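Given next are the chains, with one letter for each unit.
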Amino acid sequence: MINNKLLAIYATVFFAFCFNNSYADITEPVNAVIENYDTKISIDDKGYKIHVYKKIVLYNDNAIDETRIQLYHSRMDESKLIKAEVRDLSDKLIRKIKSSDLNDYGDFSNFSSDAHVKFYEFSDLTFPCTIETEYEYSAHYLLYFPFWEPVTDFNVLVKDASLQISVEGKTGLRYKELNMPKTVEVNLVNNIKTYTWKLVDFKPLKEEKYIDEMSLPFPKVLLAPSALNYNSYSGKFETWSDLGNWILLLNAQRDNLDEQTTLKVKEIAAKHPDDLSKMKALYEFMQNSTRYLSIQYGIGGFQPFPASYVAEKGYGDCKALSNYMYTLLKIAGIKSYYTLVLAGKNKNIYSDFPASQFNHVILCVPNNGDTLWLENTDQKIPFAYLGDFTDDRDVLVMADKPFLTHTKKYTKQENRDITTATILIHENGDATINLLAKKYALCMRELYFLHNYYTQKEQMMYLSSYMPLKNSQIDSFSLSLIKDRNPYIAISCSINAEKYASRTGSRLFIPLNQLEKIPYMFSSDTIRKYPVFQSKDCEIIDSIKFYIPEGYTVESTPSMFKDSTGFSNYQAGWTINQNEIIYSRNLAINKAILDTTQYQEIRRYYNSLALRDNPMVVLKRN
Amino acid sequence: MYRIFLFSIILFVLQANAKETKFKYGSVSKEELEMKNYSSDSSVGAVVLFDVGSISYEVSERMSGHYVSYSFKQVFNRKLRIKIFDKKNLDMANQKMVLYLGAQSDNFITKKKAHTINFENNKQAEIEVNKDELFLDRIFDNYYMLKIPFKNVKEGSIIEMDITIESPLNYKLPTWYFQREIPTLFSQFSVSIPEFYKFRKNISGYLAINPPVSEIEDITLNSQENVQSNKTTWTAEKVPAFIREPYLDCADNYLSKIEYELSSVQFPLQLEQPLSMNWKEVNKMLYDAEYLGKQITTSSGFMKDMYDELKSKDNLSKLELMKATYYAVKKKMRFNQVYSLASLDGTKEAYRKGEGNSADINLILLKLLRDLNFNVAAIAVSTKTNGNVSYFPSLFAFNQLIVQVTLEGKKYLLDATEKAYPMHLLPEEDLNDRGLIISDQNIEWVDLRTNIPSGITLHAVDAKIANEGTISGKITIQRKEYAAANFREKYNDKVDIDKYTKKLEEDNLIQLQDKSIQNMDSVEKPIIETYTFVKQNQTELGASNMLYVNPFIIGKLSVNPFKLNERDYPVNFNHPFDETYIINLSLPEGYAVSELPANASFSLPDNSGKLTYKITASAGNTIQLNCKFSITKALFSFDEYPNLKEFYNQYLGKLNEMIVIKKI
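Residues numbered from 1 in each chain as written. Chains lettered and ligands numbered in written order. Predicted model: local features only at pLDDT ≥ 70, side-chain atom pairs only at ≥ 80, totals over all residues. Heavy atoms only, no water.

## As for the overall build of chain B
Then, number 1: The helix and strand inventory of chain B stands at 11 helices and 35 strands.
Then, number 2: Dimensions of chain B along its principal axes, counting C-alpha atoms only, are 105 × 75 × 55 Å.
Then, number 3: Every one of the 664 residues in chain B was classed for burial, and the buried ones make up 53%.
Then, number 4: Excluding contacts between residues fewer than 6 apart, the proportion of contacts in chain B whose partners are at least 24 apart in sequence is 71%.
Then, number 5: Element-wise, carbon and sulfur atoms account for 51% of the exposed surface of chain B, whose accessible area totals about 30300 Å².
Then, number 6: Where the 80 positive side-chain charges of chain B centre and where its 84 negative ones centre are 2 Å apart. (Helix = DSSP H or I, 4+ residues; strand = E, 2+ residues; numbered from the N terminus. Buried < 20%, exposed > 50% of the residue type's maximum accessible area, 1.4 Å probe, protein only. Contact = heavy atoms within 4.5 Å. Areas by Shrake-Rupley, 256 points an atom, 1.4 Å probe, with all protein chains shown as cover. Lys, Arg positive; Asp, Glu negative; His and termini not counted. Charge placed at Lys NZ, Arg CZ, Asp CG, Glu CD.)

## With respect to unusual backbone geometry
Across the chain, the bulk of peptide bonds are trans and the bulk of non-glycine residues have phi less than zero.
Then, number 1: The phi angle at Asn190 of chain A is positive, at roughly 50°, despite the residue not being glycine.
Then, number 2: Among the secondary structure elements, Asn190 of chain A is positioned in the loop between strand S12 (185-189) and strand S13 (192-202).
Then, number 3: Given the relative accessible area of 70%, Asn190 of chain A is considered exposed.
Then, number 4: For Tyr247 of chain B, which is not a glycine, the phi torsion comes out positive at approximately 60°.
Then, number 5: Relative to the assigned elements, Tyr247 of chain B resides in the loop between strand S13 (226-239) and strand S14 (257-265).
Then, number 6: Classification of Tyr247 of chain B by relative accessible area gives partly exposed; the value is 37%.

## Describing the pattern of salt bridges
Then, number 1: Counted under the stated rule, the structure contains 65 salt bridges over all chains.
Then, number 2: Ionic pairing is found between Asp45 of chain A and Lys170 of chain A, a salt bridge with its closest N-O pair at 3.7 Å. Linking Asp45 of chain A in the loop between strand S1 (32-43) and strand S2 (48-58) with Lys170 of chain A in the loop between strand S10 (156-167) and strand S11 (173-178), this pair joins segments that are 125 residues apart in sequence.
Then, number 3: Overall, the relative accessible area of 24% leaves Asp45 of chain A in the partly exposed class.
Then, number 4: For Arg507 of chain A, the salt bridge identified is with Glu595 of chain B, shortest N-O distance 2.6 Å. Of this pair, Arg507 of chain A sits in strand S30 (residues 507-511) while Glu595 of chain B sits in strand S30 (residues 591-595), on two different chains. Note on accessibility: Arg507 of chain A and Glu595 of chain B belong to one class, buried.
Then, number 5: Put simply, Glu312 and Lys313 of chain A together with Glu133 and Lys151 of chain B are held in one network by salt bridges that share partners. (Salt bridge = Lys/Arg side-chain N within 4 Å of Asp/Glu carboxyl O.)

## Section: the packing of aromatic side chains
Then, number 1: Per the stated rule, a full pass over the model turns up 67 aromatic pairs over all chains.
Then, number 2: Consider the rings of Phe562 of chain B and Tyr641 of chain B, whose centres lie 5.8 Å apart with planes at 90°: the pair is edge-to-face. Here Tyr641 of chain B lies in helix H11 (residues 641-655) and Phe562 of chain B lies in the loop between strand S27 (546-549) and strand S28 (571-572), a separation of 79 residues in the sequence.
Then, number 3: Residue Phe562 of chain B is classed as buried on the basis of its relative accessible area, which comes to 1%.
Then, number 4: Note on Tyr641 of chain B: relative accessible area 4%, which makes it buried.
Then, number 5: Ring pairs connect the aromatic residues Tyr247, Phe562, Phe573, Phe577, Phe629, Phe636, Tyr641, Phe647, Tyr648 and Tyr651 of chain B, which therefore count as one cluster.
Then, number 6: Looking at Lys408 of chain A, its charged tip hangs above the ring of Tyr410 of chain A, at a distance of 5.0 Å from the centre.
Then, number 7: The residue whose ring lies beneath Lys318 of chain B is Phe374 of chain B, and the NZ or CZ to ring-centre distance is 4.1 Å. (Phe/Tyr/Trp six-rings, centres within 6.5 Å; stacked < 30°, edge-to-face > 60°. Lys NZ or Arg CZ within 6 Å of the ring centre and 35° of its normal.)

## A look at the interface of chain A and chain B
Size of an interface, as often reported, equals the accessible area lost when the parts are brought together.
Then, number 1: Counting residues at the interface gives 92 residues for chain A, matched by 87 residues for chain B.
Then, number 2: For the pair chain A and chain B, the interface holds 10 salt bridges.
Then, number 3: Here Asp86 of chain B makes a salt bridge to Lys380 of chain A, at a shortest N to O gap of 2.7 Å.
Then, number 4: If you look at where chain A meets chain B, you find 35 residue pairs in polar contact (both at pLDDT 80 or more). (Polar contact = N/O pair within 3.5 Å; in protein donor to acceptor, adjacent residues only side chain to side chain.)

## Some details on the pairing of strand S38 (residues 616-621) of chain A
Then, number 1: Pairing of S30 of chain A with S38 of chain A, which is carried by five bridges, proceeds in the antiparallel orientation. Note on S38 of chain A: the bridge partner recorded for Arg507 of chain A is Lys620 of chain A. (Pairing = 2+ DSSP bridges.)

## As for the environment of Ile482 of chain A
All names here are of chain A.
Then, number 1: Relative to the assigned elements, Ile482 resides in strand S27 (residues 472-482).
Then, number 2: Note: C-alpha distance between Ile482 and Met325 (157 residues apart in sequence) is 23 Å.
Then, number 3: Among residues more than four places away in sequence, those in contact with Ile482 are Pro487, Tyr488 and Ala490.

So this is what it looks like as structure tokens:
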């Protein structure tokens, strides 16, 4: 009954727009309430059908996805809108959408494909309102089922949601429940097996910063068929190696190349003495003669274009380019494996549930135990560098006997961010800064893209705003990518920072750390519901030498500061030597999911760091 | 002068002719093949070597019964050649062209040639894109995208395409852009128009285009007759890339481009048939339009309930009645977020539904005010997102309608759409270019960029400093006019407000309590935030028992938004604004002021910006600071930029100055 009470509160708060003058009395915000969300799936040996009915009350525009109707269709599947209506809270009909009101759009995410979406957006809602939708979808193949995730947004309450799956025929259903308060009910009537899940009165999750999505308690049911069937390609599907074998079936005989390219490859390989330099040279050959271009039609969404296609056209998607690279290495006598991965920063598959959970392909090179991973869609990426797009996660490797393994995790020693600078302070407070920074591996972040894809003018624009210095003006800079085994971006800059030091009367105030400061991130949240996620191992090392103007003496200095915990260490200090001040700072962070029992310590640590990360030296004129 | 001008035309013609062969598909020069980078900027990843478009008209014959009828079809050819220097622009090899292909395929792509030219080891290789490698994908309705995936493209490749589209829709010409995201060495658009047609043209954008070259051509109508055609050729050379800068409004206002519009048609032995309009005609059409001007005069019986209620308020002054009407309409009508110059299904239907586009809502407001005996007019506007009012008088120049009321000699502009705004403020979208008063009489424009009220923010801090340097006290933030409206738009629910106060704490390294935000829904009143706060000392006690305090405890600007030396385009703040700080600090027991920042005052030429900083210490051990930063106009041209940058520089300097306090 909590829900009704909440509803009542929100009805008055949001409906009576003119009477509520203050936000002071509201406690827990709710963006939307899912009144009803029923999904029915029927599965047979050829494919499956889904019927969805959803009724949701929106209180504001934060649950943006709920205001869009997106029905996908292609050569292999279709969808149909049955109903879409918007009502106000008094149940008065505001708008009714017919199937013909939906706009059919071609695919924008690929260069070309058979995917289409029937789309409608309620861009013009007045809140609160109720959206009721009903649609059907049918797929003429068996490969995956969409996972059942009745709620994926924060501040959304679920009153009643259900999933019912009926299975007819030989193909079975596999499933895995996550965070479900109640387990499945199974019935068997007339050889039709029916699975039913229910989710009732699920309270909204509150949004918190620094979270790991996979450790959030959103309820879901992972689903997968026990057989694969797409056009003529079929197989059983119980284990990861079953999926791998099916992929091997799709990839069979796609590794042929024309004679000319074969000769070229052999010629390159012959020039190099060992496997590693052969690989590097062939990787560069691939990077210099191809580009990423995504063309997806039917089975082409899962099956790579042959290597000869890439050689002839000079383009391909992740599947085609990985298969091409595999073929190049094969010609040179180097073993490699086509590898499926779920790409994206901090993403991972549910590795204990074999299902088609991947969206990208890379290459795994065993390299006599020193495994290398090749990303083949970025023509500028250093050899064997993955970045946060595919690092540290479970992947399916298409060896003769396919297996699951883990990609490279970048260590603290590899992810270093080292800045050295000299800052010459002028008497008027202006400063001349010469800065040299090396950002290794995952610490390259946006500078990697800035280096690779932008012109000097754009780089200047970005770097100027990237510098937290209040008035900095970059006089000259250089940005380079060093493609070592552990690659890094080197940036050197000479900066004219007006009013770097502020002055009051006879005193000059010199901030020691004006570069990248530790945010005051947990200041206002006294309690924590979900683990704190530190997304990478890294070490930040700053060393800055200040030259102070003549005729001044140091009046005040900050105290040295050091703090260490199981998840991070910090140390900052300075030395003064005549007219030089050397400031050094070191911050090390572990990649970790820190459970809530540690929260008070996390909060104490980062809050005190944030306050201590702005040290200042005060100079006084003699 | 005259002779020089003539000579330059001849020179241009000669040059143009010389270039013809250069544009021939496949005939690339050695210079182009061997080009290593763009001379003006070696970091550029690709340049357009040329982009040559031409529009001409061809005669097409059609048998209808026993008669042969002639009509013109428009032929649009585009030749584009791009040199790729660096992989950063490999995406140029994925060319896309949006085409409107009529339902019956009225338009035809009659030529689609594309190839890659590679030059390696002194050998030139041409790799053709085969017809079956092209995609013509439907985007939606009759809009298609021709996609050309060039093959074997690498650093050093030249890609080239030659596309012709024929169309019977001969009155519409594509807008030709001379500028894009990569530099263009040569761009040319030539338009050859048969003598029967008259077109008007508009050149706009920030970069200069060469003077046009004109000549007369002949088109064969049939075996006996020729028709004269007027050809005009527009060129631009070495056009730099367009890079968007912060604080810039609609980019289309600045891109160099040329537009054509058909103005009249006169076939032999026929009268001239004017097709385009002047503003007076446009205005007349707007005035006569069913769902626009007609609504100004037609009955409003359907709003009787609202009218009666307003009419009954006889104790109100005229101004109060106008206000009451404005807010009554705002309360009654939901805005569906669609800007429109005209009502969709008529105001009656919108009123019944209680929902409508901007024209529906503002026409309802206008009708009510009219019936209540106000002197009203409708104004056609082009919103900020829509860009400036088009050069050509056209019904499509506008996308929004607002209301003007003249009361006791004063003019009020009203827009009842956006809930976050009070009556006297036009939403920022409306503050663009000029508006046309819809009338069948004279042409009267209203400038929408002058006399814009400011966004006003006031930070008042009353605090005391403790022995160890911790500062605590009370903060009041007051936001008025655009500052309040922007805040209301941005933080319109509890979730957003929550994020806002957290960010306030994080940005200022401060802990807030007793948080209260008042008047979020009373749009006529300022938004008042009040907090109590604690801010830990961040600087150590000095060796000589000193305390150093920055008095700007909350809300101070942290970096200069203008750090670049130069700027290409104007800075648009949307509206003037000012920020005021009134700070009272009391010192800890046993301490006294040692040094204070200097008082200061700066201003920009014409007082377009002003900064005052005044700090005093009183005997009672308190410090008062009064600081005001104001920008008094919305638009700064690029030559005013260096001053604006320096002005911000000074402001940031003052914001960071410290107070020095000493133990007695």
